[in-house]
Number of protein chains: 2
Amino acid sequence: MIHSIQRKLLRVDLTERSIQRSVIDDEDVTIFLGGRVLGDIYLYRELLPSIDPLSPENQLIFGTGPLTGTSAPGSSRYIVHAKSPQTGLYMNSLAGGYFGPELRKAGFDMVIIQGKAEKPVYLSISNDNAELKDAGPIWGMDTQDTQQFIKSDLQDDKVRIACIGPAGENLVCYAAIISERRAAGRGGGGGVMGSKNLKAIAVRGTNKVQIADPEAFKNVVKRAYKDIAANEAVAKGFPLYGTLMAMPTLNDGGITPWRNWQNGGSDKAVNLYAQTWRDEYVKKDVRCSPPCNLKCSKLVLSREGPHAGVLTEGPDYETEYSFGASCNVTDQAAVIEADALCDKLGLDTISTGLTIAFAMECYEKGIITSNDTDGEEILFGRSELLPKLIHKIAYRRNFGALLSLGSKRMSEKLGKGSEAFAMHAKGMELGGYDPRGAKSLALIYACGSRGGCHKSGGAANGQSLRELSTGTDRFLNQGKAAITQSFRDSRMIADSAILCAFPYGSLSPETILSMLNAATGFHWSKEDLQIIAERGNQIERAFNVREGLRRAWDTLPDRILNEGVKTGSTAGQTVDLDVLIDDFYELSGWDLKTGIPKLDTLKKLGLHMIAKDMEMCIKE
Amino acid sequence: MIHSIQRKLLRVDLTERSIQRSVIDDEDVTIFLGGRVLGDIYLYRELLPSIDPLSPENQLIFGTGPLTGTSAPGSSRYIVHAKSPQTGLYMNSLAGGYFGPELRKAGFDMVIIQGKAEKPVYLSISNDNAELKDAGPIWGMDTQDTQQFIKSDLQDDKVRIACIGPAGENLVCYAAIISERRAAGRGGGGGVMGSKNLKAIAVRGTNKVQIADPEAFKNVVKRAYKDIAANEAVAKGFPLYGTLMAMPTLNDGGITPWRNWQNGGSDKAVNLYAQTWRDEYVKKDVRCSPPCNLKCSKLVLSREGPHAGVLTEGPDYETEYSFGASCNVTDQAAVIEADALCDKLGLDTISTGLTIAFAMECYEKGIITSNDTDGEEILFGRSELLPKLIHKIAYRRNFGALLSLGSKRMSEKLGKGSEAFAMHAKGMELGGYDPRGAKSLALIYACGSRGGCHKSGGAANGQSLRELSTGTDRFLNQGKAAITQSFRDSRMIADSAILCAFPYGSLSPETILSMLNAATGFHWSKEDLQIIAERGNQIERAFNVREGLRRAWDTLPDRILNEGVKTGSTAGQTVDLDVLIDDFYELSGWDLKTGIPKLDTLKKLGLHMIAKDMEMCIKE
């Protein structure tokens with residue numbers, strides 16, 4: 001296999017203050033592609049089992065993919081891997097914007113951060129140069145001020161920055177990493193950065209990303225844009241409404257959970273719909289690093305009332321779900337303020353909103369009282385609570401200290417049956433798609449390698465819409481595993497290429513393959529990509545098994561398993577998880593009883609070292 | 001008189017959407033120098049008397065001086081003239097930073113804005129090019145987001161912007177104009193911009209400012225820096241503590257007013273002192289456009305408690321006085337948050353803080369009740385009120401609608417004796433120096449052309465320190481007019497050159513003169529400058545007389561005239577204003593009875609047109 005592109009890795013040891021450059025093996029790229037799967041194998045190899053995610057032993061692996069920073073549509077994302085302080089398990093998190101392409105234009109495909117700095121630092125990369133700089137003055141700044149300060153400190157307005165806010169500094173287990181106003185939100189990567197005293201990574205890259213066959217690449221990219229333009233729902237929907245476009249369908253289908261997942265949909269949802277939002281608040285369409293033309297993100301501004309003057313990008317569907325539907329808040333401006341504050345303080349909006357919703361239900365049920373909440377009445381719908389609680393979470397101040405634990409640990413601490421409605425899987429709060437209304441979703445959350453994320457083990461949005469189109473079949477448990485499996489594998493390649501899911505859905509497997517081959521000079525086949533996707537699934541699974549995960553961990557809150565949805569078109573529905581899991585394990589090559597990847601499966605994929613590890617786990 | 005520098009004027013008529021370039025007459029520059037005095041004569045000539053300050057008939061004149069954008073120390077300021085919506089009288093306001101030098105490097109010495117745009121616009125100037133651009137999407141943004149948005153809109157991170165926030169848009173009569181985090185704060189220029197639907201002026205200038213005699217200029221500038229370095233209090237004090245450095249002296253001297261000017265100094269003042277501030281909050285010294293090396297401004301960050309995450313530049317002494325001392329708030333972090341919010345929403349911190357302090361006293365005395373205040377207890381010392389009230393003022397929301405009137409109009413509305421402690425002169429809230437403790441200050445406020453500003457008719461800081469150094473003499477009324485007069489004239493030249501007052505105080509008149517002559521190629525003498533200063537005094541006075549001002553308007557709140565200071569080293573002191581004013585009028589060449597400039601005075605200064613106008617006024 002011949003190709004001309006050297007893939008560079010930067011390794012920064014914060015304890016030693018050492019910076020080393022090396023090259024990523026061609027063999028690794030052949031077998032693991034890039035982005036997510038390549039990061040998976042690095043994370044697996046680099047970390048010892050059972051380490052504390054907030055200790056210097058954890059690592060942060062910032063990765064790009066073979067298409068990052070090229071002209072391919074949606075190629076502006078980066079991925080960060082670590083062991084999650086939220087789940088204690090495997091974690092990856094992606095974000096769009098400009099940071100990923102800039103890193104690749106600086107010449108690096110991957111940056112590994114290890115150890116812990118003695119004092120706050122930030123890493124500054126300018127093409128091949130990298131150095132650690134004092135972050136003393138920035139420690140404590142919000143993510144927007146941090147980015148401005150660093151640009152001024154480096155006297156370079158074009159530098160792109162991924163950073164943490166106070167939440168990450170204070171080791172909140174669902175703290176996000178923020179670049180521009182975009183979050184690598186899920187899993188607590190921000191907390192890992194904070195634990196390492198790493199405030200930010202600033203990158204400036206002025207090289208052009210090398211393409212092995214520029215002519216072929218140009219042609220296939222042109223075809224890719226045509227394909228996207230031909231998909232009207234995507235090409236017209238995203239520029240107008242971003243991810244919020246599907247909310248009416250999801251709400252009416254009982255997929256959007258309200259009042260901490262008690263209700264399926266709400267007749268007040270219209271206040272959170274995209275049209276209201278676009279008409280009243282959207283000021284500008286925002287896109288990731290060119291060449292993306294979907295502009296799915298929006299700069300919004302609140303002009304009136306108590307939230308006047310608040311500006312943010314978003315909220316996306318997930319944030320309208322977490323602070324809106326879950327907290328029963330139907331004041332769009334309040335959701336916008338909550339979103340803005342999470343971005344500034346560096347918090348994952350889903351986990352933050354869901355933890356607050358959980359607290360609201362605890363308060364409603366008398367499990368917590370005003371003695372616990374600094375005297376506040378934590379009631380569903382009280383939108384004025386959101387900014388106060390978010391601030392307290394980021395600083396772990398007073399009642400915020402409890403909330404900062406997230407719903408899982410909070411429920412363990414509170415007891416009194418609260419575990420039943422702590423809406424998480426493996427400690428990660430669930431995305432805004434109720435599996436009781438589209439059963440294949442149960443597997444995304446229950447078996448997803450990073451916990452209860454809507455993208456973790458499939459693609460909740462796509463799956464929801466597909467299931468909704470089948471009418472009442474969506475309530476069947478049988479035969480649903482295959483849906484999740486196919487979405488999961490497809491996503492694995494998207495996250496490794498790395499291509500954004502939004503344009504990705506409009507591209508044929510042939511187009512994606514041709515882009516990858518033309519860009520890299522490799523000669524993968526469609527089957528190769530399928531095998532790479534499977535490798536990713538197995539490595540992530542094995543990472544978690546090594547940490548102790550077994551079948552019993554692949555579960556969902558009691559509310560989903562045994563408590564019917566109270567209202568809406570999914571009323572009365574529950575999930576029969578065992579049936580679903582049996583099918584899914586079968587398709588995944590995992591042992592039905594233990595959930596451990598079968599040794600045969602691993603060996604067929606060439607994952608011999610991992611097979612050995614799993615053998616040990618089986619014996620335990 | 002021979003010189004080589006053409007001074008350009010840009011005139012923008014927002015109603016007509018027309019943009020014209022012209023040249024400022026040499027004769028005008030000879031007679032009126034630049035900056036403040038030149039702006040004075042333009043304002044006088046351009047405006048008709050009795051116009052509504054918020055009507056299209058008002059103008060905004062953005063001006064620079066002959067030294068702006070050169071290498072002279074402290075030469076980074078611009079000045080804006082208008083008729084003030086706060087006082088209904090003459091207004092100028094200055095700010096440092098980068099906007100002034102950038103405007104001059106773009107080639108313009110003055111920009112006149114007239115009329116009113118149909119819809120929100122901003123003016124974009126790039127060297128000789130100027131155009132009006134749509135400000136629809138930015139309308140409603142705070143000043144920091146506005147600047148970021150415009151940089152992104154123009155795809156130029158180096159552009160410098162003067163803009164308004166929501167307060168200006170909502171025509172608050174004490175709304176500020178903000179560039180970076182600096183305010184042209186006093187007098188309501190932000191409201192005038194808002195009334196014209198002008199959100200911002202963005203400037204990019206890449207020319208070098210022309211110097212008539214570069215060699216001579218270089219030499220005198222070198223000498224100027226030496227003189228500043230030799231003044232230890234300035235050269236060491238400002239970089240460490242900014243304007244806050246004098247607070248201990250002022251507080252102990254009973255000059256800093258507490259509890260809405262009831263008390264002189266406080267033993268809690270130490271919480272607001274510069275050392276506390278520097279140790280706990282200051283993260284970075286900030287300077288204006290190079291070459292200033294005093295770095296008197298500070299980037300501060302609050303890291304703990306309910307105000308954690310707040311970042312701002314400041315607060316300066318005036319803001320510690322207004323939100324701290326006047327409101328009896330001794331929580332430094334609360335003052336920092338109030339300062340940050342005023343900058344973002346575009347409000348003058350002095351007027352905002354003093355209006356709130358006035359409301360606190362009204363509440364204490366039962367003149368307003370919780371029925372007026374949206375149920376809040378508006379008590380001295382309640383720091384948690386500040387952000388809420390500031391937000392309501394900027395949006396004129398609920399109780400904020402009353403507060404947005406400022407203390408004068410509020411007291412007129414409320415009555416019940418509240419006028420006696422509404423701490424303003426001519427509608428402008430007083431700066432933080434109590435004339436009861438240093439009597440020359442009374443004239444600054446009572447006779448200052450823009451109202452109760454501490455820089456309006458002299459220099460309150462310098463005068464306070466000079467008077468304090470004289471011991472008990474400071475309580476005498478007699479013989480104080482000359483102090484105010486000399487500070488006023490000196491300031492007039494500083495504001496016209498334009499040079500910042502902080503380095504300016506260390507420069508000899510010869511140095512200043514040499515810099516002006518070398519820069520311009522003019523041959524002014526020291527006497528010429530003195531005459532120019534006097535012209536400024538008379539033009540500003542005449543402007544106000546034309547608007548109806550007579551001697552009776554030159555007054556101070558009853559609290560200063562008749563109510564002794566309650567506590568501290570100035571306890572019992574009041575001001576005998578009539579004695580002071582008699583002396584001051586005499587020195588100013590104003591008629592003792594009416595306060596109108598004497599015709600002789602005007603004619604001697606060559607102000608014949610103005611003399612005619614004053615003749616009319618005398619006859620009325």
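Residues numbered from 1 in each chain as written. Chains lettered and ligands numbered in written order. Predicted model: local features only at pLDDT ≥ 70, side-chain atom pairs only at ≥ 80, totals over all residues. Heavy atoms only, no water.

(A) Seen up close, the pairing of strand E2 (residues 18-23) of chain B. Relative to E2 of chain B, strand E1 (residues 8-13) of chain B is paired through six bridges, and the arrangement is antiparallel. Bridging from a neighbouring strand, Leu 9 of chain B pairs with Ser 22 of chain B of E2 of chain B. (Pairing = 2+ DSSP bridges. Helix = DSSP H or I, 4+ residues; strand = E, 2+ residues; numbered from the N terminus.)

(B) Layout of empty space enclosed by the protein. All names here are of chain A. Going through the model one piece at a time under the given rule, you end up with eight cavities of 30 Å³ or more. For the lining of the largest cavity, the secondary structure elements donating two or more residues are helix H19 (481-497) and helix H22 (526-546). For the lining of the largest cavity, the element with the most residues is H22, which contributes four residues. Across the lining of the largest cavity, the residue classes break down as five nonpolar, six polar and six charged. (1 Å grid on protein atoms, 1.4 Å probe; cavity = no way out; pocket = protein on both sides within 12 Å on 5 of 7 lines; lining within 4 Å. Points joined across faces, edges and corners; volume = space filled by probe spheres on them. Nonpolar A, V, L, I, M, F, W, Y, C, P; charged D, E, K, R; others polar.)

(C) Region of interest: the sheet that holds strand E16 (residues 297-301) of chain B. Residue and element names in this part refer to chain B. Judged by pairing direction, the sheet is antiparallel, and its three strands sit side by side in the order E15-E16-E17 without closing on themselves. Sheet topology places strand E15 (282-286) and strand E17 (311-313) at the edges, where each strand pairs with a single neighbour. Within the sheet, the average angular offset between the axes of one strand and its neighbour, ignoring direction, is 15 degrees. Packing of helix H12 (residues 332-345) onto the sheet brings it into contact with E16 and E17, and relative to E17 it is tilted by some 75 degrees. (Axes fitted to C-alpha atoms, helices over the stretch in contact; angles between N-to-C directions. Contact = heavy atoms within 4.5 Å.)

(D) A look at the domain arrangement of chain A. Residue and element names in this part refer to chain A. Here chain A is described as being made up of domain 1 (8-204), domain 2 (238-434) and domain 3 (439-505 + 525-620). Relative to domain 3, the C-alpha centre of domain 1 lies at a distance of 27 Å. Across the contact, 40 residues belong to domain 1 and 34 residues belong to domain 3. Between domain 1 and domain 3, a total of about 2900 Å² is buried, with carbon and sulfur atoms accounting for 65% of that surface. By the criterion of area lost to domain 3, the three top residues of domain 1 are Arg 36, Tyr 44 and Tyr 90, representing 28% of everything that side buries. Viewed at the interface, domain 3 and domain 1 are joined by three salt bridges. Looking at the side of domain 1 that touches domain 3, the elements that each hand over two or more residues are helix H1 (26-32), helix H2 (35-46), strand E4 (78-83) and strand E5 (90-95). Of the residues forming the side of domain 1 that touches domain 3, the biggest block, eight residues, is contributed by H2. (Domains from an automatic or database assignment. Buried area = accessible area lost by both parts, 1.4 Å probe. Salt bridge = Lys/Arg side-chain N within 4 Å of Asp/Glu carboxyl O.)

(E) Examining helix H8 (residues 232-241) of chain A more closely. Residue and element names in this part refer to chain A. Listed as buried for H8 are Val 234, Gly 237 and Phe 238. Axial view of H8: buried residues confined to an arc of 95 degrees, hence all on one face. Opposite its buried face, H8 presents the exposed residues Glu 232 and Lys 236, each directed more than 90 degrees away. Residues of H8 that are buried sit in contact with helix H7 (214-230), strand E16 (297-301) and helix H20 (501-504). Where H8 ends, the next residue or the one after it, Gly 242, has phi of about 55 degrees, a positive value. (Buried < 20%, exposed > 50% of the residue type's maximum accessible area, 1.4 Å probe, protein only. Arc of directions from axis to C-beta.)

(F) How the structure looks around the sheet that holds strand E9 (residues 160-163) of chain A. Residues and elements named next belong to chain A. Overall, mixed pairing links the six strands, which are arranged E8-E7-E12-E9-E10-E11 in an open sheet. In the strand order of this sheet, the two ends are held by strand E8 (129-134) and strand E11 (182-184), each with one partner. In this sheet, adjacent strand axes meet at a mean angle of 20 degrees when their direction is disregarded. Relative to the sheet, helix H4 (residues 143-153) contacts strand E7 (121-126), E8, E9, strand E10 (177-179) and strand E12 (198-204), its axis offset from that of E9 by approximately 135 degrees.

(G) Quick look at the relation of the copies chain B and chain A. Placing chain B over chain A gives an RMSD of 0.0 Å and needs a rotation angle of 180 degrees, together with 0.0 Å of translation along the axis. Expressed as an axis order, the relation between the two copies is that of a two-fold axis. Nearest to the rotation axis, the C-alpha of Asp 157 of chain B is located 3.1 Å from it, this being the minimum over chain B. The fraction of interface residues of chain B whose copies in chain A are also interface residues reaches 100%, indicating that both copies meet through the same surface. (Least-squares fit on C-alpha atoms with pLDDT ≥ 70 in both.)

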